[in-house]
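# Fold and geometry: a report
Residues per chain, in single letters:
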Amino acid sequence: MNLYLRYFDSEALVHNVDEAIDFLRSIPEIGLDASLEADIRDYAASDVFYPKRYKVRPRVYFILIKTTAETMLDFKQKKALRPAAAVNAQAERREAASGILTRLSEIREGWYEGALDFKRVVLVPATGKHEYRDTHFVVRCKANSGLDCYNRIVDHLRGRVDSRSQFPSAKGKNFRFKYLGMWK
């Protein structure tokens, strides 16, 4: 893992922490003390890949970025900013999200238990004003899929709660469903 450092027009791509610290020592405005040096070593050793900036004085910083680029030209052309493991983790998250969508739209007739957390508009009698209240609603219904279960719940609630109530997306964390079995 290489490190890119920049302070105004001074920049360097170094191959280890010691070279980075030598570069920072060559800039007199940066007061490199033991705690800053330890923090830079901790950052370089950690699994964190986001850029880190360090304050030199008010509104003046230097930045430190981890990269797998071997040359400054590769870094400037935005090659190898992240290791392949981080890219693979993003791809796995995308696949998990598409798995949720597939599971949601999978046709499977039967009984479903759906749970929905939504913002319900209610009247406060003491003040005569309305407010949003978090409401948890659980129902068992006949449906063709998880998405059909969601639509049936929302259609049922729309006719029974204030029209200003807010319902979450079927894809979000505020809707859960479970297939209970085939109807008879």
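Let us look at the structure shown here.

Basis of the calculations
One numbering rule holds for all chains: residues counted from 1, following each sequence as written. Local features are withheld for residues below a pLDDT of 70 in this predicted model, meaning they are given only at 70 or higher, and side-chain atom pairs are given and counted only at 80 or more; totals for whole chains, interfaces and linings count all residues. Just so you know, side-chain values use all the structure's heavy atoms and leave hydrogens and water out. Elements are defined by DSSP. Helices are runs of H or I of four residues or more, strands are runs of E of two residues or more, and each kind is numbered from the N terminus. For every residue, the accessible area (1.4 Å probe, protein chains only) is compared with the maximum for its type, and the residue is labelled buried under 20%, exposed over 50%, or partly exposed between those bounds. Any two residues whose heavy atoms approach within 4.5 Å at even a single point are treated as in contact. All accessible-area figures derive from a Shrake-Rupley calculation using a 1.4 Å probe, and residue coverage is judged against the displayed protein chains alone. What qualifies as a polar contact is a pair of N or O atoms within 3.5 Å, subject to a donor-acceptor requirement within protein and to the restriction that residues adjacent in sequence count only when both atoms come from side chains. Stacked, tilted and edge-to-face are the three classes assigned to paired rings of Phe, Tyr and Trp, where Trp is represented by its six-membered ring and a pair needs centres within 6.5 Å; plane angles under 30 degrees give stacked, over 60 edge-to-face, the rest tilted. The rule for a charge over a ring is simple: NZ of Lys or CZ of Arg within 6 Å of the ring centre, and within 35 degrees of the ring normal. When DSSP finds two or more bridges between two strands, those strands count as paired. What counts as an axis is a line fitted to C-alpha atoms, over the stretch in contact for a helix, and the angles between N-to-C directions run from 0 to 180 degrees. Counted as salt bridges are all cases of a side-chain nitrogen of Lys or Arg within 4 Å of a carboxyl oxygen of Asp or Glu.

Across its full length, the chain carries five helices and seven strands. In the chain, which comprises 184 residues, the share counted as buried stands at 32%. Partitioning the contacts of the chain with sequence separation of at least 6, the portion at a separation of at least 24 is 53%. Looking at the chain as shown, the accessible area adds up to about 12,200 Å², and 51% of this sits on carbon and sulfur atoms.

On the secondary structure map, T67 appears in strand 4 (residues 60-67). There is a polar contact of 3.0 Å between the side chain of T67 and the backbone nitrogen of A69.

All chains considered together, the criterion is met by eight aromatic pairs. Pairing Y7 with F8 gives two aromatic rings, centres 4.9 Å apart and planes at 80 degrees, and the pair type is edge-to-face. Under the relative-accessibility criterion, F8 is labelled exposed at 52%. On the basis of an interplanar angle of 70 degrees and a centroid distance of 5.2 Å, the ring pair of Y112 and Y179 is categorised as edge-to-face. Of this pair, Y112 sits in strand 5 (residues 110-124) while Y179 sits in strand 7 (residues 175-181), placing them 67 residues apart in sequence. Each residue in the set Y112, Y150, F175, F177 and Y179 is aromatic and connected to the rest through ring pairs, giving one cluster. When the ring centre of Y43 is taken as reference, the NZ or CZ atom of K66 above it lies at 5.1 Å. Across the ring face of F177, the terminal group of R103 is positioned such that the distance to the ring centre comes to 4.5 Å.

We now examine the sheet that holds strand 4. Here we have four strands laid out as an open sheet, ordered 2-1-4-3, and antiparallel in their pairing. Only two strands of the sheet have a single partner each, and these edge strands are strand 2 (10-14) and strand 3 (52-57). Along the sheet, successive strands turn relative to each other by an average axial angle of 15 degrees, direction set aside. Two elements, strand 3 and strand 4, share five bridges in a ladder whose sense is antiparallel. Bridge pairing in strand 4 places R57 opposite V60. Here helix 2 (residues 34-45) sits on the sheet in contact with strand 1 (2-7), strand 3 and strand 4, set at roughly 30 degrees to strand 4.

Ordered in space as 6-5-7, the three strands form an open sheet in which the pairing is antiparallel. Among the strands making up the open sheet, the edge pair consists of strand 6 (129-143) and strand 7. Strand-to-strand, the axes of this sheet are offset by a mean angle of 25 degrees, without reference to chain direction. Across the sheet, helix 5 (residues 146-158) lies against strand 5, strand 6 and strand 7, angled at about 135 degrees from strand 6, the strand it touches most.

To continue, consider the pattern of salt bridges. By the definition in use, this model includes eleven salt bridges. Residue K76 is joined to E11 by a salt bridge in which the shortest nitrogen-to-oxygen separation is 2.9 Å. Remark: E11 occurs in strand 2 and K76 occurs in helix 3 (residues 72-76); sequence separation between them is 65 residues. Taking relative accessible area as the criterion, E11 reaches 30% and is therefore assigned partly exposed. A salt bridge links D18 to R41; its shortest N-O distance comes to 3.0 Å. Placement of the pair is D18 in helix 1 (residues 17-25) and R41 in helix 2, with a sequence separation of 23 residues. Given the relative accessible area of 43%, D18 is considered partly exposed. When salt bridges with common partners are traced through the structure, they connect D18, R25, E37 and R41 into a single cluster.

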